[in-house]
Each structure stands twice: as structure tokens, then as C-alpha cells.
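Structural features, examined
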Amino acid sequence: MNLSKSLPITKLMVWDAYKLAREKGKAAGVDGQSLDEFAEDLENNLYRLWNRMASGSYFPPPVRRVEIPKAGGGVRPLGIPTVSDRIAQMVVKQRLEPELDRVFDPDSYGYRPGKSAHQAVEQARKRCWQRDWVVDLDIKGFFDTIDHELLMRALRRHTTESWVLLYIERWLTASVEMPDGSLQDRMAGTPQGGVVSPILANLFLHYAFDVWMRRTFPHIPFERYADDAICHCRNRREAEQLKTALELRFAECKLTLHPEKTKVVYCADSNRRVSYPQIQFTFLGFSFRPRMAKNRWGRIFTCFLPAVSPQALKRMRDRIREWRLPQHAPLSLEDIAHSLNPVLRGWDQYYGRFYPTELRKLYEYFDERLGAWLRHKYKQLKGHRGRSLRGLNRMAQQNPKLFVHWQHLGRATVG
């Protein structure tokens, strides 16, 4: 207990929050201060933050808004708090999370200790085999449209600590600095990118969706990862009824389902031959659709399976293109591998978890860019695509562990 201050926030709570916040990104907020710059005067910066939080005089600065292009067009708005504000949010998150996580649904997977996107995809895969129909939900502008009054009402069910409620209300209403430098008041929503936003979003959808589904449609299983949700139905009629009911439910909660992206999907395979136009959906970067598979007796059949989505492949190809490998001819192949393997490994570990052969398209494209790098590095290979790829193939055979995808696939050929 902190007897000298009006609120029970200790220096240790702020220090622990700092250690966690420094692992979550280094981008600067509206004050332009980076995490490294904050750490240059760490003791004084943390003391000032604690002093203000513990006395109730902490008011969050505006959140810097950045816009990230989306694969399907448009942009995704992200809010970047200042370093101090990220630490302050982490103090509150650490206080709230143990209590809230105990009441969250087992099939809520997003941003929770011990839960992962892979677990959600795995569960969706199993249930697509068990049930023929899916309702794929897409909430329009979810993080920007969360109703503050409904959210605070839900929060008060789980905490009576006045300082937690005080600071969350201040964060919800903190202004936003737009990309053009103007300030915009926020009347709804919580900025996607804030430390405390994911747990608040989970709490809102816990009541708007999870609890409502268990009460109203207890026989329909689902997986939810933040604002992405998949519901599994036994027949088309049940799926269409659920979709209509969900539209009404979300309207009650002042949210809107995207009219084009929210859809009923038929999980077609060798044993399911109903004619229906929608036979695929995307969930957490994986495209679920009919794919060729081999059973235990070696027979080929069609199964409804997840694999890396075309949108995710495009994003990764765009990233590879941005590396401009041919322009780095002075580097050695080992230098390139050392620099890029962490990214390639991340892609491989995430997207290679299901139907990994679909990643071959990406690896082939990366090897093509390596071939272009070779042609720029060695003049005798200029204009000789085939020779450069054969040379790369020899390198892969001599050192198959050099690149993540070479060792993963045990490749005998490149390109």
C-alpha cells in the first residue's frame, strides 16, 4: 500500500510495467521520444510517471495515429501512445488481466496468456471437419466503434478499483493526433495499438458475443480471436438464421457486421457435394478451402483445410521486393542469410504450421530474388537466369542450413 499517495500504485508496479512495455515495440508517440531515449534518464522518467499516476494527476497525451495499408484496399488505423503512456497502460493491464482472464470464454484466443492464433486455427480446422457450414464474421471498424458506455458498464462488473476505472476512462477519451497533425476528439472506440486496448476489446466482445452465443445458441461452437470469429453450423438454414441473429445482436451493441465480408460458407470436401457459391474463408491469415490430401492408405481425396492465404502471400512477396536484394551485391550470401533469416523463420513458423507446401510459392519467389542478386554480384552471370539459379542450387546443396527454407524443405533444387 502506498500511504503517501491517494492511489494504491507502487513504484514496483511501474517498474514491472516498464520491463514488459519495453518488449512491445519502440515506436515514438506524439512527443517523439523513443524507448531508447526514455531509458537514457530512466530513473527520473519512471519516478515522474509513478508520482503522477499515484496522485491521480496523470492525463494521457494524444495518441499518434498511423495508417497501415490493408491487403484488400483501404487502411487500418493504428494508435501509437507515447512511451510513458504505454507503461501507464501496462500498469492497469497487469492489474486487470488476472481477473478478466478467469472469466473469458475457452474459445476466446486473442491476446490472452497461454492462448495463440495457431490454437484457434487448429480448433477451426477440426470443427470444419465435424460441421458442414460456417458463419464467418467481420465487424466493421470494430476498434474505432466500441461504445464507451457499454464498455465501462462491463468493466464495472469486474473491478471496483476507482483508479483503474479513472485511467481507462481517460484513455478512452484521449484525443488522437491525425497523420496531418490535427487533433481529433474520440467519442467511441479504443485505439488499436494501445497496450490496454486488446483486453478491453476482449471484454466488450465477451459480453457482446461470447456470453450471448453460449446463452442463445449453446449448440453452435465458435472460435474468436479478438474481433475475428468463426461459427460452425450443422446446416445452411441454421447458418443463415445465426447470421441474421448476429446482425441484430451487434446492432444492439452499437456495432455493425460488414455486409460483404460477413458470409455463410460451405465446407466442401469429397463427402460434401452441395452446390453453394461460397466454399472458402480466411481466418488469422489462413485460407480455409477444399484442398487435396492423402489418407492413411495413400489415396488422394479432397479435404477442407487451412493454408497460408493469398493475401498473406502477397504481403510477404511485397516485403521481399522491398528488400531489393539485387542492390546488395557487395554483401555475401552469409550476410544476407544472417540479416533475413529472422523474418523468414517467423513466416515459416507461423504460416508453415498448416499445409506447409503452400509456402513453396513464396520460397521460390525469394530464391528468384537471390538469383537476381547473384546476377548482379557476378558479371559473368549477367543475363543468364538459368545459370544463376543452378549456381544457387549448388550453394543450397553445399550448405542446406544457410537459409531457413532450405533446411526446412530439405531442398534438392532451387528455383
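The text that follows walks through the structure, step by step, so that each part is easy to find. Since the model is a prediction, treat every value here as computed from it, not as a measurement.

1. Considerations on the overall build of the chain
- Counting its secondary structure elements, the chain contains 15 helices and 11 strands.
- In terms of overall dimensions, the chain has C-alpha extents of about 75 × 60 × 40 Å along its principal axes.
- Residue burial in the chain is summarised as follows: out of 415 residues, 50% are buried.
- Accessible surface for the chain amounts to roughly 20,900 Å². Of this, 49% is attributable to carbon and sulfur atoms.
- When the 67 positive and 46 negative side-chain charges of the chain are each reduced to one mean point, those points stand 7 Å apart.

2. Overview of the side chain of Asp 105
- Locating Asp 105 in the fold gives a position in the loop between α4 (83-103) and α5 (117-130).
- For Asp 105, a relative accessible area of 9% translates into the label buried.
- The residues contacting Asp 105, other than those within four sequence positions of it, are Arg 112, His 206, Asp 210, Arg 214 and Phe 222.

3. Thoughts on the pattern of salt bridges
- Counted according to the given criterion, the structure contains 27 salt bridges.
- Between Lys 263 and Asp 136 there is a salt bridge, and its shortest N-O distance comes to 3.2 Å. Taken together, the positions of Lys 263 in strand β8 (residues 263-266) and Asp 136 in strand β3 (residues 133-138) put the pair 127 residues apart, joining distant regions of the chain.
- With a relative accessible area of 7%, Asp 136 lands in the buried category.
- Among the ionic pairs, Arg 234 bridges to Glu 238, the shortest N-O distance being 2.8 Å.
- Via salt bridges that share partners, Asp 105, Asp 107, Arg 127, Arg 214 and Glu 223 belong to a single interconnected network.

4. Remarks on unusual backbone geometry
- Of note in this structure, Tyr 111 is not a glycine but carries a positive phi near 55°.
- Mapped onto the elements of the fold, Tyr 111 is located in the loop between α4 and α5.
- Classification of Tyr 111 as partly exposed rests on a relative accessible area of 45%.

5. What to know about a positive patch on the surface
- Where like charges cluster on the molecular surface, the positive patch consists of Lys 70, Arg 76, Lys 261 and Arg 315.
- Structurally, the position occupied by Lys 70 is in the loop between β1 (63-69) and β2 (75-80).
- Residue class for Lys 70 comes out partly exposed when judged on its relative accessible area of 31%.

6. Quick look at empty space enclosed by the protein
- Per the counting criterion, the structure on display carries three cavities of 30 Å³ or more.
- One number sums up the size of the largest cavity: a volume of about 70 Å³.
- Taken together, Val 63, Asp 85, Gln 89, Trp 171, Leu 172, Ala 174, Arg 186, Thr 190, Pro 191, Gly 194, Val 196 and Ser 197 make up the full set of residues lining the largest cavity.
- Sorting the residues of the lining of the largest cavity by element identifies α4 and α8 (162-173) as the ones contributing at least two each.
- In terms of residue class, the lining of the largest cavity is made up of six nonpolar, four polar and two charged.

7. Topic: helix α7 (residues 148-156)
- Every buried residue of α7 is listed here: His 148, Leu 151, Met 152, Ala 154 and Leu 155. Take α7 and look down its axis: the buried residues cluster within an arc of 160°, on one side only.

Thresholds applied
Residues numbered from 1 in each chain as written. Predicted model: local features only at pLDDT ≥ 70, side-chain atom pairs only at ≥ 80, totals over all residues. Heavy atoms only, no water. Helix = DSSP H or I, 4+ residues; strand = E, 2+ residues; numbered from the N terminus. Buried < 20%, exposed > 50% of the residue type's maximum accessible area, 1.4 Å probe, protein only. Areas by Shrake-Rupley, 256 points an atom, 1.4 Å probe, with all protein chains shown as cover. Lys, Arg positive; Asp, Glu negative; His and termini not counted. Charge placed at Lys NZ, Arg CZ, Asp CG, Glu CD. Contact = heavy atoms within 4.5 Å. Salt bridge = Lys/Arg side-chain N within 4 Å of Asp/Glu carboxyl O. Patch = residues over 30% accessible without salt bridge, like charges linked within 9 Å, V, L, I, M, F, W, Y side chains within 5 Å. 1 Å grid on protein atoms, 1.4 Å probe; cavity = no way out; pocket = protein on both sides within 12 Å on 5 of 7 lines; lining within 4 Å. Points joined across faces, edges and corners; volume = space filled by probe spheres on them. Nonpolar A, V, L, I, M, F, W, Y, C, P; charged D, E, K, R; others polar. Arc of directions from axis to C-beta.

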